[in-house]
Amino acid sequence: NHKLIILTAGRLFHEAQNALLKVFEEPPQGVTIILGVPTTGVLLPTLRSRLIGLPSDTPAPGREVATTFLSLSQAEREKYAAKLLDRSKSDSADTKQAARLEVVELVQGLTSIAHGAFREAKPGKVRDELHEVLVDLSSFAPILHERSAPLKLILEHLLLVIPKGLK
């Protein structure tokens with residue numbers, strides 16, 4: 001008798017990932033475990049190294065949020081970021097979590113859009129800028145899933161480094 005266990009999560013704190021690590025290192029006999037997450041960037045490298053990635057046909061999460069963000073003027077982006085920060089400081093845990101997840105979606109969407117632009121860009125200054133943006137964005141993914149992620153610093157950084165022509 002074979003058993004299949006499917007776990008899905010939009011967010012996994014490091015403590016939960018460390019607990020899962022042992023299960024994925026030595027799964028019970030006759031058990032297949034599938035872990036569904038929005039992006040592998042949310043996973044600790046040690047856990048990610050024990051998993052087999054499967055391609056997804058669904059569009060990257062956050063693409064709509066990122067497209068909206070990119071369509072805003074710089075001043076409107078700053079207001080959007082300020083509202084997100086205010087919501088992330090709410091007394092309501094649900095409001096706080098929703099704001100944090102919106103920042104995660106924004107970073108995931110920006111990563112997807114920047115990656116597409118990078119693939120299409122010819123070698124040169126624009127492609128080099130996009131590469132730097134992708135390096136920055138990829139460094140945010142694991143940080144954003146920590147309880148104490150510095151959202152203010154991340155949003156301020158995004159406001160400064162996202163190329164004006166990225167759409």
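Above this text is the structure in question.
Note that the structure is a prediction, hence the values are computed from the model and not measured.

Procedures and definitions
Residues numbered from 1 in each chain as written. Predicted model: local features only at pLDDT ≥ 70, side-chain atom pairs only at ≥ 80, totals over all residues. Heavy atoms only, no water. Phe/Tyr/Trp six-rings, centres within 6.5 Å; stacked < 30°, edge-to-face > 60°. Helix = DSSP H or I, 4+ residues; strand = E, 2+ residues; numbered from the N terminus. Buried < 20%, exposed > 50% of the residue type's maximum accessible area, 1.4 Å probe, protein only. Lys NZ or Arg CZ within 6 Å of the ring centre and 35° of its normal. Polar contact = N/O pair within 3.5 Å; in protein donor to acceptor, adjacent residues only side chain to side chain. Contact = heavy atoms within 4.5 Å. Salt bridge = Lys/Arg side-chain N within 4 Å of Asp/Glu carboxyl O.

Asker: Can you tell me about the packing of aromatic side chains, naming the residues and giving the values?
Answerer: By the definition in use, this model includes 1 aromatic pair. Here the aromatic rings of Phe69 and Tyr80 are separated by 5.8 Å at their centres, their planes lie at 55°, and the arrangement is tilted. One end of the pair, Phe69, is in helix α3 (residues 63-71); the other, Tyr80, is in helix α4 (residues 74-88), with 11 residues separating them in the sequence. Pair check on accessibility: Phe69 and Tyr80 agree, each one buried. Here Arg77 stacks its cationic end above the ring of Phe69, 5.1 Å away from the centre of that ring. Across from the ring centre of Phe118, 4.0 Å away, lies the NZ or CZ of Arg127, which sits over that ring.

Asker: Can you lay out the side chain of Ser88 for me, pointing to particular residues and giving the numbers?
Answerer: Within the secondary structure, Ser88 is located in helix α4. With relative accessibility at 13%, the residue Ser88 sits in the buried group. Separated by 2.7 Å, the side chain of Ser88 and the backbone oxygen of Leu85 make a polar contact. For Ser88, the contacting residues outside a window of four places in its chain are Lys96, Ala99 and Leu151.

Asker: An account of the pattern of salt bridges is requested, with residue identities and associated values reported.
Answerer: In this structure the tally under the stated criterion is 4 salt bridges. Its salt-bridge partner being Arg87, residue Glu102 comes within 3.0 Å of it at the nearest N-O pair. Taken together, the residues span a long stretch of sequence, with Glu102 in helix α5 (residues 93-120) and Arg87 in helix α4 at a distance of 15 residues. Across the pair Lys152 and Glu156 runs a salt bridge whose closest N-O atoms are separated by 3.3 Å. Taken together, the residues Lys152 and Glu156, both in helix α7 (residues 151-161) and 4 residues apart, mark about one turn of the helix.

Purely geometric stuff here, so don't read any function into it on its own.
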